[in-house]
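Spelled out from the first residue to the last, the chains are:
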Amino acid sequence: MRWLIYAMVYLGSALMVFNIIGFLRFARFIRGMKMWRWGNRILYIPIVLLVSFLMGYLAVGIFGKPDLLVAGILFGGSIFVFVMYRLFSSILHRVVETEHLEAELLAAEEANRAKSSFLASISHEMRTPMNVILGMDTLALKNRDLPDATREQLEKIGDNARYLSRLINGILDMQQMESGEMALRSEAFSLKEALEQIEAIVSESCAKKGLTFETAYAQCATREYTGDAAYLKQAVLSLLDNAVKFTDAPGTVKLSVACSKAQGKCSEIRFIVSDTGIGIDEDFLPRILEPFAREDASYTSRFGGSGMGLAVANSIVTQMGGRIEAASRKGEGSTFTIILPMTPTGPGEKTCIGSCECCSGCGGCERGAQEPDAAPVALAGHRVLVVDDMPDNAEIVSDLLELEGVECETADNGQAAIDLVAGSVPGHFDAILMDLRMPVMDGMEAARRIRALDRADARRVPIIALTANDSETDIQETLKAGMNAHLVKPVDADRLYAALGKWITNGMGKEA
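A quick note: this is a predicted structure, and the numbers were derived from the prediction, not measured.

Thresholds, definitions, all that
Residues numbered from 1 in each chain as written. Predicted model: local features only at pLDDT ≥ 70, side-chain atom pairs only at ≥ 80, totals over all residues. Heavy atoms only, no water. Helix = DSSP H or I, 4+ residues; strand = E, 2+ residues; numbered from the N terminus. Expected span 1.5 Å × (residues − 1). Buried < 20%, exposed > 50% of the residue type's maximum accessible area, 1.4 Å probe, protein only. Polar contact = N/O pair within 3.5 Å; in protein donor to acceptor, adjacent residues only side chain to side chain. Pairing = 2+ DSSP bridges. Axes fitted to C-alpha atoms, helices over the stretch in contact; angles between N-to-C directions. Parallel < 35°, antiparallel > 145°, perpendicular 65-115°, else oblique. Left-handed = near helix turned anticlockwise from the far one by under 90°. Contact = heavy atoms within 4.5 Å. Nonpolar A, V, L, I, M, F, W, Y, C, P; charged D, E, K, R; others polar. pLDDT = per-residue confidence, 0-100. Core = buried A, V, L, I, M, F, W, Y, C linked by side-chain atoms within 4.5 Å. Salt bridge = Lys/Arg side-chain N within 4 Å of Asp/Glu carboxyl O.

As for helix α6 (residues 229–245)
Spanning 17 residues, α6 covers 24 Å between terminal C-alpha atoms, matching the ideal 24 Å at 1.5 Å per step. With twelve of its 17 residues buried, α6 lies for the most part within the structure. Where α6 begins, the side chain of Asp228 points an oxygen toward the backbone nitrogen of Ala230, at a separation of 3.2 Å.

Describing the pairing of strand β11 (residues 431–434)
Of the two faces of β11, the one carrying Ala431 and Leu433 and the one carrying Ile432 and Met434 are both buried. As judged from the four bridges shared by strand β9 (residues 383–387) and β11, these two strands associate in the parallel manner. Along β11, the bridge assignment pairs Leu385 with Ile432. Where β11 and strand β12 (residues 463–467) come together, three bridges link them in parallel fashion. Within β12, the position partnered with Met434 by the bridge is Ala465.

Describing the packing of helix α1 (residues 2–31) against helix α2 (residues 45–63)
At a minimum axis separation of 9 Å, α1 and α2 run at an interaxial angle of 165°. Taken together, the axes of α1 and α2 are roughly antiparallel relative to one another. Crossing hand, α1 versus α2: left-handed. Only Pro46, Ile47, Leu50, Val51, Phe53, Leu54, Tyr57, Leu58, Gly61 and Ile62 of α2 make contact with α1, whose side of the interface consists of Tyr6, Val9, Tyr10, Gly12, Ser13, Met16, Val17, Asn19, Ile20, Phe23, Leu24 and Ala27. Taken together, the residues of the contact of α1 with α2 sort by class into 18 nonpolar, four polar and no charged.

A few points about the sheet that holds strand β1 (residues 187–190)
Sheet strands associate in pairs through backbone hydrogen bonding, adopting either a parallel or an antiparallel arrangement. As summarised here, the arrangement of the three strands in space is β1-β3-β8, forming an open sheet in which the pairing is antiparallel. The outermost strands of the open sheet, each flanked by one partner alone, are β1 and β8 (344–345). Bridging between β1 and strand β3 (residues 224–227) involves four bridges; their strand directions are antiparallel. In the sheet register, Ser190 faces β3, and the bridge partner there is Glu224. Strand contacts of helix α5 (residues 191–209): β1 and β3, with the helix running at about 60° to β1, the strand carrying the most contacts.

Remarks on the confidence of the model for the protein
Mean pLDDT over the protein works out to 79, with 81% of the residues at or above the 70 mark. Taken element by element, the predicted model of the protein shows its lowest mean pLDDT in helix α7 (residues 298–303) (49) and its highest in β9 (95). In the predicted structure, residues 348–375 sits below a pLDDT of 50 and forms 53 contacts with residues beyond four places in sequence or in another chain.

As for the nonpolar core
With 44 residues, the main nonpolar core has Leu195, Leu240, Leu255, Phe271 and Ile338 as its most contacted residues. Where this core is concerned, the elements lending two or more residues are α5, β2 (212–217), α6, β4 (252–262), β5 (265–275), α8 (309–319) and β7 (333–341). Among the elements that take part in this core, α6 stands out by supplying nine residues, more than any other. Excluding residues that lie within four positions of it along the chain, Leu195 makes contacts with Tyr217, Ala221, Leu255, Val257 and Phe271. With 26 residues, the next largest nonpolar core counts Ile464, Leu466, Leu487 and Trp503 among its residues.

Topic: the side chain of Thr247
Along the polypeptide, Thr247 turns up in the loop between α6 and β4. Residues in contact with Thr247, not counting those within four places in the same chain, are Lys209, Leu211, Thr252, Val253, Asp275, Thr276 and Gly277.

Digging into the packing of α5 against α6
At a closest axis distance of 10 Å, the pairing of α5 and α6 adopts a crossing angle of 20°. On the basis of their axis angle, the class for α5 and α6 is roughly parallel. The way α5 lies across α6 gives a crossing that is right-handed. Contacts between α5 and α6 involve Leu191, Ala194, Gln197, Ile198, Ile201, Val202, Ser205, Cys206 and Lys209 from the first element and Leu232, Lys233, Val236, Leu237, Leu240, Val244 and Lys245 from the second.

Examining the pattern of salt bridges
Under the criterion given, the structure shown has 13 salt bridges. Across the pair Glu409 and Arg383 runs a salt bridge whose closest N-O atoms are separated by 3.9 Å. With a gap of 26 residues between them, Glu409 in strand β10 (residues 407–411) and Arg383 in strand β9 connect regions that are remote in the sequence. Within the structure, one salt-bridge network assembled from shared partners comprises Arg383, Glu407 and Glu409.

Listed below in C-alpha cells is the structure:
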C-alpha cells in the first residue's frame, strides 16, 4: 500500500511540474496578444501558487508520512489544476480563432467593397469610350455613299465593339451576383412583348450567320406575369446567344415556350432553347453552367465567348427560384431549358384547357397573332438638353438625335443644366438626357434641383439618365431623384429614340 501512496504523491508532483510549464507557456501566449491591457505580473500569480503547491507535495513525500487520503487529495489536486489549465487554454484558443475569423471576414468584406468600387469605376471608364466608338460607328454607317468595303469594315467594328460591351456587362453581372447586389424586381410585364424583343435580336444574329431561327410558343406566352422582365430576357438571350455562337450554317436555333399547370392554371413556364450545333461531351455537361467553363480551349478562337453567359443565366434563374436543365450530344446539338415558377396575372388570365405535345395543358402551340408594332414617334422639332461632361459623348448623342430632326443643347455639368432650364422659357426643353458622374454637380442632385424649380414644366419635363452606371442601386436612386428612365451606355440609337419618344408623348413624363 505504501508504494501506491508514494506513487500518487510523486505522480501528482510530476503532473504539477507539467502544469507549471503549461501555465508559463499560457502566460507568454497571453502577453503576446495585443488585446492584453493589464499588468503582466498578474499572469505569474497562478505560477507562484503552483510552485508553492509543488514544494508542499515534495515536502510531504520526502519528510512526511502521508496516508492514502492525503495522497489522494494531492494527486486529485494536480488533476484538477491540469483540467482547469486545459479548459482555459481551449477557451482562449477558441476566442483567438474566432477573432481571427472575424478579422478575415472584415478583410474579405473590405476587399469585396474595394473590388466593387473598382469594377464600378472601371466599367464607367470603359463604357464611356465604348459609347463614343459605337456612336461614331452608327453615325458613319448612316452615310449612304459609303463604299461597300468601308461599310463592311465599319460593321465589323460595330460587331466587335458590341461584343466587348457584352463582355464588360458579363463581368459586372458576375460581380454583382457574387456580392449579392443583384436585386430582382417584382412588377407586371407582358411575356409576349418580352419574347418579341428577344426574337428581334436573335433573328438578326441568326440571319447574319446564315442560321434558321424557329419559335413555338404556347398560349401562355401571350399573357402577363409578375417578375423581373429585364433579367428574364437576359437569361433567355444568354442561352440563345450561346446556341447561335456554337452552331454553324446551315443550322437551326429554336426557342420554345411551354408550361405546366396546377389546378387548371399555368404554374411553371419552360423556355426551351435548342440548336443543331457542335454539342457538348457527356462528361463535361455537369460543369457547363460553371463560370468560365470551356470544354475545349480551342473553341475560344473558333467561336469566341468568355464562358460567362451560361453562368450568368444560371445565377439569374436560380435567384428567380428556378433552374436550368441541359441535355446534349456531341456533334448533334444541345437543349437548354429554363424552368421558372410563374403564374399569370391581370385580366388576361385564363385556365389551361386541352393538351398538346409541348405544352402540358395550355390549349395548343399556335403562336398568338402578332400585334402590329407601335408607330414610331416623330422626334423632329423637339428640343432635348444633353448633359454630359465628356464632349465626345455629348457630341455623339447630339449627332444621333439631330439625324432624327431633334434640336439639341448641351451642358457639361449639373449646375450648368439647372441654369439652362431656369433661364429658358417654360416648355423650352421637351426632354433632358442626364449623365450621373460629372464635376461641379452630379446628375442626381441636378435632377432633384430641376424638379424643385418653381415652374410647372420643371416638374413635367422627362429626365432620362444616360450613364455608364447600371447597378440596381443606381437605377433606384435615379428614380428617387425624379428621373423617368435609366439608359446605360453604350446606348443603342433605336433604344434612345424609343425612350425619348415614349416619354415625350406620355404627357411630358411624370410629375415629381
